[in-house]
Amino acid sequence: MKIEVKKFGEILTSRPAGREAGLSMKAYFKPEPGDRIELDFSGVLAMGPSWLDEVLSVLRNEYGNERVICLPSENASVTASLKIIEKQDDKK
Amino acid sequence: MKTETRAQILKIIQEKGKVRPIELRKSLNISAQMIHRHLRNLTERGIVEIKGAGRFTQYALAGVPDWEAVSSWINARTAPEGPESMVCETREVFTARLPHLKSFVRNGLPENILPLVIATAGEVGNNSFDHNLGQWRDVPGCWFESQVTGKQLWICIADRGQGIYHSLVKVHPELANEQVAINAAFETIISGRSPENRGNGLKYVKNNLSTTPGGGIACISGTGRVFYGEQGERCIVLLGKHFSNVRGTVTLMIWTCGDELNAAAPVPLTTGGLSRQILHKVRDVEEE
């Protein structure tokens, strides 16, 4: 199941907004058992790690790390956010 | 002679920050026509910039942003009143103003850098709210100001909150002082919002401004200060000049626009005398 992140806004920076987006995704996107959730960042103008961290926390708590995937993006703010969150996850 | 007059004009502008032509005329005792001729020449060469219009027109050095208003706001001992256009009292107001940064593409800010500029400013501004809710010293919210001068975009975000040390020390008592706390905030995954799993925002900010050519950042909180990136030192000199008693947090970021990415080093910010680089620029103008 693919989620178009741009539907949550073109500028995604704060933790409260990220948490709200994660809870909304959890409520309204129901993948089939075993199906993956793919976050598609096409069309997003800017995203920070705080927003993404909140979304991933909600979704990964529900579906596990393996079923929640971030699709590659050419947007510099998205790639930099993914990089720092990966680093943070490695340290956990 | 012309070089000498222009050097005098630049020295006055540098000392005062901004001047009106009439002030120059009185100081140098030369005709209005001559003053305007020199100012036009310096403006065309990108050495000075025009601020304001009509009879309020002033001239300032290009590449030197004006932080008079924010420094008055942050340095005030008691709750100051800030202009609504700069002070974002709530997170919602701050978030609503982030898209304004898109307009700087018209000033040459590369489109591929714009996402980083917005996301980085977003992280810094949101920190003001994340770590000061219920902890503001007097005025809630943050100052959010952006300016383009000398082909560089400057963004200043400041708050009258509790500061980085007081935010962190409650859950990290091992942090000895404000300098140790600000270093930890920018260089390690750490947060005052324990037990929440946070603390990557300022690392993101530091990485973005350290790795982008022509970028830089400086931050002061209490007696703690840090700077990173090609232009970081320039940012901290400017902050040190304007902010004397930062009990909250002030962050200054610089992004370089367009062709200037490959241009020579910017005009250095000196506190006394006319910088050698400005004098060279004036001599170059004369020789052409």
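Before going into details, it helps to say that this report is about the structure given with it. (Residues numbered from 1 in each chain as written. Chains lettered and ligands numbered in written order. Predicted model: local features only at pLDDT ≥ 70, side-chain atom pairs only at ≥ 80, totals over all residues.)

1. A few points about the sheet that holds strand β3 (residues 37-40) of chain A
The strands that make up a sheet pair up through hydrogen bonds in the backbone, lying either parallel or antiparallel. Residues and elements named next belong to chain A. Strand order across the open sheet formed by three strands is β1-β3-β5, with parallel pairing between neighbours. Edge positions in the sheet fall to β1 (2-4) and β5 (68-70), since each has one partner strand and no second. Averaged over all pairs of adjacent strands, the angle between strand axes in this sheet comes to 25°, irrespective of strand direction. By the bridge criterion, three bridges tie β3 to β5 in an arrangement that is parallel. When the sheet's bridge partners are listed, L39 is paired in β5 with C70. Helix-sheet contacts for helix α2 (residues 49-63) involve β3 and β5, and the interaxial angle to β5 is about 145°. (Pairing = 2+ DSSP bridges. Helix = DSSP H or I, 4+ residues; strand = E, 2+ residues; numbered from the N terminus. Axes fitted to C-alpha atoms, helices over the stretch in contact; angles between N-to-C directions. Contact = placed C-beta atoms within 7 Å.)

2. Details of the pairing of strand β7 (residues 216-221) of chain B
Residues and elements named next belong to chain B. The buried fraction of β7 is high, at six of six residues. The side-chain alternation of β7 yields two buried faces, one formed by G216, A218 and I220 and the other by I217, C219 and S221. Taken together, the five bridges between β7 and strand β9 (residues 249-256) define a ladder with antiparallel strand orientation. What sits directly across from C219, in β9, is T251. The hairpin formed by β7 and strand β8 (residues 224-228) contains two residues between the paired strands, and G222 there has a positive phi angle of roughly 65°. (Buried ≥ 20, exposed ≤ 12 C-beta atoms within 10 Å, placed from the backbone.)

3. Considerations on unusual backbone geometry
Residue and element names in this part refer to chain B. Positive phi is not limited to glycine here, since N29 has a value of about 55°. At K151, a position not held by glycine, the phi torsion is positive, near 60°. As for its position among the elements, K151 is in the loop between β5 (142-149) and β6 (152-159). Take K151: there are 20 C-beta atoms within 10 Å of it, and that puts it in the buried class.

4. Thoughts on the interface of chain B and chain A
Reports of interface size often rely on the accessible area that becomes lost once the parts have come together. At the junction of the two partners, chain B supplies 21 residues and chain A supplies 20 residues. At the level of elements, α5 (91-97), α6 (114-130) and α9 (201-211) of chain B are the ones that each hand at least two residues to the side of chain B that touches chain A. Grouping the amino acids of the side of chain B that touches chain A by side-chain chemistry returns nine nonpolar, eight polar and four charged. (Nonpolar A, V, L, I, M, F, W, Y, C, P; charged D, E, K, R; others polar.)

Note that every value here comes from positions in space, so none of it alone points to a role or purpose.
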